[in-house]
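Here is what each chain is made of, one letter per residue.
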Amino acid sequence: MIAESIATQFDVPGRLVALQPIGAGNVNDTYRVILRTTFSEEQYILQRINRKVFKDPAAVMSNMKVVTDHAHRRIEEEAGEADRIWQLPRVIPTKGGGDYVVDENGEYWRALSLIASTTSYEKVSVPEHALEAGRVLGHFQRIISDFPIDELEDTLPGFHIAPAYLGQYDEVLKSDGAKQRLSASSEATRLSRFVEGRRDFVGILETALSAGELQLRPIHGDPKITNVMIDKLTGKGTCIVDLDTVKPGLIHYDFGDAVRSGCNPAGEETSDLEEVFLDLDLFEALVKGYLAEAKGFLTESDRQYLFDSVRLITLELGLRFFADYLAGDVYFKTSYEGQNLNRARVQLALCESIEAREGKMRAILDRHC
Ligand code: GN1
Ligand code: MG
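Below is a summary of the structure that appears in this document. Keep in mind the model is a prediction, meaning the values are calculated, not measured. (Residues numbered from 1 in each chain as written. Chains lettered and ligands numbered in written order. Predicted model: local features only at pLDDT ≥ 70, side-chain atom pairs only at ≥ 80, totals over all residues. Heavy atoms only, no water.)

**So, the site of ligand 1**
- For ligand 1, the set of nearby residues contains 19 residues, the closest of which are Asn26, Asp222, Lys224, Glu268 and Tyr331.
- Contact between ligand 1 and Lys224: an oxygen atom at 2.6 Å from a side-chain N or O atom of the residue.
- Compared with its free state, where it exposes 440 Å², ligand 1 has 96% of that area covered by protein.
- Under a 2 Å grid-point criterion requiring more than half of the atoms, the pocket assigned to ligand 1 is the largest pocket.
- Within the residue set of the shell around ligand 1, elements represented by two or more residues are helix H8 (251-262) and helix H11 (306-327). (Near = heavy atom within 4 Å. Polar contact = N/O pair within 3.5 Å; in protein donor to acceptor, adjacent residues only side chain to side chain. Areas by Shrake-Rupley, 256 points an atom, 1.4 Å probe, with all protein chains shown as cover. 1 Å grid on protein atoms, 1.4 Å probe; cavity = no way out; pocket = protein on both sides within 12 Å on 5 of 7 lines; lining within 4 Å. Sits in = over half its atoms within 2 Å of the grid points. Helix = DSSP H or I, 4+ residues; strand = E, 2+ residues; numbered from the N terminus.)

**So, the coordination of the magnesium ion (ligand 2)**
- Within the protein, Asp222 (OD) and Asp242 (OD) serve as the donor atoms for the magnesium ion (ligand 2), at 2.0 Å. Of the two residues, Asp222 sits in the loop between strand S8 (217-219) and strand S9 (228-231) while Asp242 sits in the loop between strand S10 (237-240) and strand S11 (247-249), which places them 20 residues apart along the sequence.
- Given the relative accessible area of 24%, Asp242 is considered partly exposed. (Donors = N, O, S within 2.8 Å, 3.2 Å for Na, K, Ca; no water. Buried < 20%, exposed > 50% of the residue type's maximum accessible area, 1.4 Å probe, protein only.)

**A word on helix H2 (residues 57-78)**
- Here H2 spans 31 Å end to end across 22 residues, near enough to the 32 Å set by a 1.5 Å rise per residue.
- Within H2 the residues assigned to the buried category are Pro57, Ala59, Val60, Met61, Asn63, Met64, Val67, Thr68, His70, Ala71, Arg74 and Ile75.
- The elements touched by buried residues of H2 are strand S4 (91-92), strand S6 (108-113), helix H3 (127-144) and S11. (Expected span 1.5 Å × (residues − 1). Contact = heavy atoms within 4.5 Å.)

**Here we look at the packing of aromatic side chains**
- According to the stated counting rule, one finds 7 aromatic pairs in the structure shown.
- Aromatic side chains Phe255 and Tyr290 sit 5.1 Å apart centroid to centroid with 45 degrees between the ring planes, which places their arrangement in the tilted category. On the criterion of sequence distance, the pair formed by Phe255 in helix H8 and Tyr290 in helix H9 (residues 280-294) is long-range, its members being 35 residues apart.
- Among the residues examined, Phe255 registers a relative accessible area of 1% and is labelled buried. (Phe/Tyr/Trp six-rings, centres within 6.5 Å; stacked < 30°, edge-to-face > 60°.)

In short, shape yes, function no, at least from these values alone.
Quick look at the structure:
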């Protein structure tokens, strides 16, 4: 197996004992690597970067290196005053001193330090967890907020640009395969109507950016709940992982993504739409946790768009899953037929629930901002 021969090329002592696939993640392939020496055990995370998604994996690694170096420094500087031990994985070099290994098929592999004694969850059911998710995102955004964006490459052009996803969806709809899938399923037809009714809303953040109301900053890009690591000993959030999409963007993409994944108790993969809703108690907790860190760098305009970002990122992900289903599952990994359609149903049901709670969500934001 290729992964095994790759696993021994990083600068970690010991003989390889096991390579365990870690299921989470819709894009990259991830393994936990276990090595043993005569005296101890070493573990680290090995990942194959999905080249269909990330066309320039070297740029992904370069961003990851500079941002983690910066963040590690900031964590160290603040360690004396912190209420917890913040962590962030580091890129483990290869034995030759590089940041990644390219295999014989041209695939890129990287090694990251494992944040031991932490775990993450697919779903959130208690406000304490949502609060930690908000806090972890706010902390990450804060410690990278002074990193110059012109030193970051755009690893995924178009990522979170909602009007561009709508454009891709329109392109996909022109193909025969998409037309067939759409007409064969009443659910798909229903979703397409849902999207149609929201075309005017899709440009809201990009318009605010062009108008100078919002500005680009370094962002995480993918702060979904499974990327928020919770310390098993203290129950506190101590780390955010999955730094592929760190790049210049709007902090709103992150806030919206954290809320859509951290305040829907049913999670992304449920098939029971009745269970899907935006839980206001979870939302209030997440907002509190986020603002505890983010209050200092948010502008008045930033605050004005926080509610819209939640609605938009949820709609956007629904649209992305839906377009991928119609295109024949070319982007997100799937394990059963129709999974991307189901994921789209969940996100669009969540979007509807968010719309129904707009007044209450805005009131919560006003109370805490
Ligand atoms: C993908 O790889 P993963 O599972 O962390 C996707 C995110 C979506 C998420 C939905 C690069 O993230 O944008 O929100 O799936 N990442 C990319 O589960 O497209
Ligand atoms: Mg990711």
